[in-house]
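What follows is each chain in one-letter form.
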Amino acid sequence: MIRRTLHDGWQLTSATGTVPEHIAGRSVPALVPGSTHLDLLAAGLIPDPYLDSNETELAWAHRVGWRYTLTFDAEQAAPSEHVDLAFDGLDTVATVELNGVELGTTANMHRGYRFPVGRVLREGSNDLTVSFRPALEYAEEVRDALGARPHTNTHPYNMVRKMACSFGWDWGPDFQTAGIWKPVRLERWSTARLASVRPLVTVSEDGVGRVEVHADVERSLTEAPAALTLTAEVAGHTATATLAPDADTGVVVVEVPDARLWWPVGYGDHPLYDLAVTLAPGGDASAGSDAPAALDTAERRIGFRTVTVDTEPDEHGTPFTVTVNGRPIFVKGANWIPDDHFLTRITRDRLARRVDQAVDANMNMLRVWGGGIYESEDFYDVCDERGVLVWQDFLLACAAYPEEEPLWSEFEAEARENVARLTSHASLALWNGGNENLWGFMDWGWQEQLGDRTWGHGYYTDLFPRIVAELDPTRFYSAGSPYSPGFAPDDVHPNAEAHGTRHEWAVWNQTDYRAYQDHVPRFCSEFGFQGPPTWTTLTDWVHDEPLTPTSPAFLLHQKAEDGNGKLDRGYSAHLHTPRTFEDWHWATQLNQARAVAFGIEHFRSWWPRTSGALVWQLNDCWPVTSWAAVDGDERLKPLWYALRRAYAPRMLTVQPRDGRLVVIAVNDTDEPWTGPLDLRRQGFGGEVLHSGSAQISVPPRSTAEVEPERRLLAPADPDREVFVAASGEVRVVHTFREDRHLAYDPEALTAVAAPVPGGYRVDVRAASFARDVSVLAERAAPDDAERLLPVLRAMVPLSSTHVGAQDVGPLLRVAFPAAGEAGACRDLTAVQRAYLAALLGNDALWEGRIANFRVHLTGLGLPGDRVGISALAGV
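Residues numbered from 1 in each chain as written. Predicted model: local features only at pLDDT ≥ 70, side-chain atom pairs only at ≥ 80, totals over all residues. Heavy atoms only, no water.

If you check an unreviewed UniProt entry, the chain appears there as beta-mannosidase from Nocardiopsis tropica. As stated in UniProt under Catalytic activity (unreviewed entry), the record for the chain gives "Hydrolysis of terminal, non-reducing beta-D-mannose residues in beta-D-mannosides." (UniProt positions renumbered as here; feature names shortened; annotations may be inferred.)

In structure tokens:
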């Protein structure tokens, strides 16, 4: 097998539709893999699509066709040689021509295409053309032919196999990309090639790792059929199998005694093994050094583990408990969307940074959402290496999908290709039929619109489970999310809290976040709350004057229906109305962090009845107000720090149980958690009004409940008192009223900034209780997301915190919810506000690396304690 990439020398021109005069007739260099928008941007022909209101200005591209051309030299195919032109991904509706001969057409960006070109390839110069039609026009044609089906948003994205959010979403822009978005190669081979390699990995009860390698083989039609040898090697163990002359599939099994188990992060190591697969001519597996040269090879990395999902009915309904190597896992994670709307800008390093942010926030699973893409090998590799489980949706989201041609065949082709492609990845835990489509059929008025037309049910209950069972029986399959396992949608509602997975969207859409406590789901696979991006990201991309929640470009970067109204209503029960846009920005970020943490603490307190929480969402694909914890410029929002605290291995939380308040100790570690629990009710001034103690004994991976004395939870003055529970370095501070009612001292904090080697140190001291104290440094020293060191922490009198951040110095201000203000800011030096929002939460001793900073926290923030944060470049 000889592989040659064809990535250099491409040119791009507009082919159909109306384009601006300065683009019409122009030919520009094209990056492959790439997309038309990025090529036009690189040529200086369009402004940055993400900037201000440029999304609207670029809407003309929705109905433009494009042509990619390449001239390359090649040798003519030899008589016994097979030559293929292989495209790993074309976005989306394309016609491929070589030397004026049409090779074929495509209409699916989620799969690859191969075209035999041996008879078309010329000696010397060859001309390759890929012409793209507007995907929107194609989708409209399919809709008109098959009949409309319900969908969210504006465009009929359910009629074409293209990334659904390419057409816009309630957090994403509408750019409808086009281009050669994955590698393209010329492949030359003789006799046979490996068309597909599927390693199915299991572990027996006696610890023997078993790799069952399934290989699909394509044979040359120019040679007489002959026997082939398939060889697989793992960890020094080798096995071979012979393929008969008429066989185009083969299986070889390798066993690895005492295989080291792959565990999710937080449960153990994640060792990976190299797997090498070789296809060679001949059927003599004992030929040794005289064996003929390989015809084709494939390499994979595997991990030995078993993953199941327990859905056996119990006294509460139907669980959805992920089990790895026989151990039930509380899933702590987030939903994942494409990390950039322009997919070809997503590098392995960028993916590693994002997954590291998930791990640093104590997550162990990411759900690849069904409106995006089957992610790159880099994504799954990074998750394999870090022990992050992956829940993979089939790519259907929030719509009814026709089951007729041409769509059925495309769904089958992409499902087969991607299920086979991903079998080797230890991180892949389960396949899911789609996002909210079963729920939509039941509740969103689809049945009246559909009549007797198909809507996708056959995909979820027939095609997808059949393909998973055939190609990867080692993985669990769920028909949808949300979904009640074992029940038809009209028998048990797919979003029933007692069964399977649940999406909790009444919070955010209709009710206050305290309503999370009204439901005890078995597994909450979507929930969340919005907040704007970091201040630096926002002001880098939106330049309205004045910048307000209703200014035009800001609203273009807020895609949710009534998004700002929901933000305002969301904080109104908790915080005072902000006086300025800057305070509104901070208050909505703060409320997002609190809302999501509130939900997570509730879900975790119900383990094992509730077995998982996947927040919507980890990441953004552009600068936008959204549900993300990491914004489109990779900066951490306050929500990220709230997640790190709420997903901490050990947590204390105050929860209602049977009409009373109790302390729940959550121990998500392999060691028992035992020791005294210090309980106090104290005033805002630091005085201890009542104290008590209890012993906690929480077994590994368990929870325990402690009921404090009534006096500890019965304040004489609820506006000026807090309840504090602490065990060692783990602490919870519980207020008795919402911030808008608390008698905060508006002058509670004092702060001093002083230079130190490598940066500045800021000391903050509290004369009275202050909740969610934050140093907002980003406006004074806007920098890479990794350089941000925010603090959001409850402080009581006699406690202090110091923050050091390179090049910030005297430009800092301190923010905290003060009396009469939602997110008031207090000058440190009366210069401009800095904006750095990090939740340290209940961490008493935390150490982590953020780029070239090392952060140290010590103390509890209680009377007499000291909290310190220092950041030094190059540590």
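## Regarding the environment of V382
Here V382 lies in helix α5 (residues 377-386). For V382, a relative accessible area of 2% puts it in the buried group. A sequence separation of 33 residues divides V382 from D349, and the C-alpha atoms of the two residues are 9.4 Å apart. (Helix = DSSP H or I, 4+ residues; strand = E, 2+ residues; numbered from the N terminus. Buried < 20%, exposed > 50% of the residue type's maximum accessible area, 1.4 Å probe, protein only.)

## Side note on the sheet that holds strand β29 (residues 650-657)
As summarised here, the arrangement of the three strands in space is β29-β30-β33, forming an open sheet in which the pairing is antiparallel. A strand with exactly one partner marks an edge of an open sheet, and here the two such strands are β29 and β33 (702-706). Strand-to-strand twist in this sheet, taken as the mean axis angle between neighbours without regard to direction, amounts to 30 degrees. Sheet topology places strand β30 (residues 660-667) next to β33; five bridges connect them, and they run antiparallel. Along β33, the bridge assignment pairs N667 with S702. Contacts between helix α14 (residues 581-605) and the sheet are confined to β29, β30 and β33, with β29 contributing the most and set at about 85 degrees to the helix. (Pairing = 2+ DSSP bridges. Axes fitted to C-alpha atoms, helices over the stretch in contact; angles between N-to-C directions. Contact = heavy atoms within 4.5 Å.)

## Describing a negative patch on the surface
A cluster of acidic residues, E205, D206, E255 and D258, forms a negative patch at the surface. Position of E205 among the secondary structure elements: in the loop between β11 (192-203) and β12 (209-219). (Patch = residues over 30% accessible without salt bridge, like charges linked within 9 Å, V, L, I, M, F, W, Y side chains within 5 Å. Areas by Shrake-Rupley, 256 points an atom, 1.4 Å probe, with all protein chains shown as cover. Salt bridge = Lys/Arg side-chain N within 4 Å of Asp/Glu carboxyl O. Lys, Arg positive; Asp, Glu negative; His and termini not counted. Charge placed at Lys NZ, Arg CZ, Asp CG, Glu CD.)

## Observations concerning the packing of helix α4 (residues 348-360) against α5
Two numbers describe how α4 lies on α5: the axes approach to 9 Å, and their chain directions differ by 40 degrees. Looking at the two axes, α4 sits oblique to α5. When the axes of α4 and α5 are compared, the crossing they make is right-handed. Facing α4, whose interface residues are R348, L351, A352, V355, D356 and V359, α5 presents D378, F379, D381, V382, C383, E385 and R386. (Parallel < 35°, antiparallel > 145°, perpendicular 65-115°, else oblique. Left-handed = near helix turned anticlockwise from the far one by under 90°.)

## Notes on the side chain of E55
Secondary-structure assignment places E55 in helix α2 (residues 54-57). Separated by 2.8 Å, the side chain of E55 and the backbone nitrogen of D174 make a polar contact. The residues touching E55, leaving out its near neighbours within four places in the chain, are P49, P173, D174, F175, L556, K559 and W622. (Polar contact = N/O pair within 3.5 Å; in protein donor to acceptor, adjacent residues only side chain to side chain.)

## Describing the confidence of the model for the chain
Across the chain, the average pLDDT comes to 89, with 88% of residues at or above 70. Note on residues 784-791: pLDDT is under 50 here. Beyond four places in sequence and across chains, it has 40 contacts. In this model, residues 818-875 is a region of pLDDT below 50 whose contacts with residues beyond four sequence positions or in other chains number 236 contacts. (pLDDT = per-residue confidence, 0-100.)

## Focus on the packing of aromatic side chains
Counted according to the given criterion, the structure contains 51 aromatic pairs. Measuring from centroid to centroid gives 6.3 Å for W10 and Y68, while their planes differ by 75 degrees, and the two rings are edge-to-face. Taken together, the positions of W10 in the loop between β1 (2-5) and β2 (11-16) and Y68 in strand β4 (residues 65-74) put the pair 58 residues apart, joining distant regions of the chain. Accessibility classification places W10 together with Y68 in one group, the buried group. With a centroid separation of 6.4 Å and an interplanar angle of 55 degrees, the aromatic rings of F394 and Y477 are classed as tilted. Of the two residues, F394 is situated in the loop between β23 (389-393) and α6 (407-421) and Y477 in strand β25 (residues 476-478); the sequence distance between them amounts to 83 residues. We classify F394 as buried; its relative accessible area is 0%. Taken together, the ring pairs connect Y374, F394, Y401, W408, F411, W431, Y459, F464 and Y477 into an aromatic cluster. One cation-aromatic arrangement involves R657 over W606; the distance from NZ or CZ to the ring centre is 3.8 Å. The residue whose ring lies beneath R701 is Y267, and the NZ or CZ to ring-centre distance is 3.6 Å. (Phe/Tyr/Trp six-rings, centres within 6.5 Å; stacked < 30°, edge-to-face > 60°. Lys NZ or Arg CZ within 6 Å of the ring centre and 35° of its normal.)

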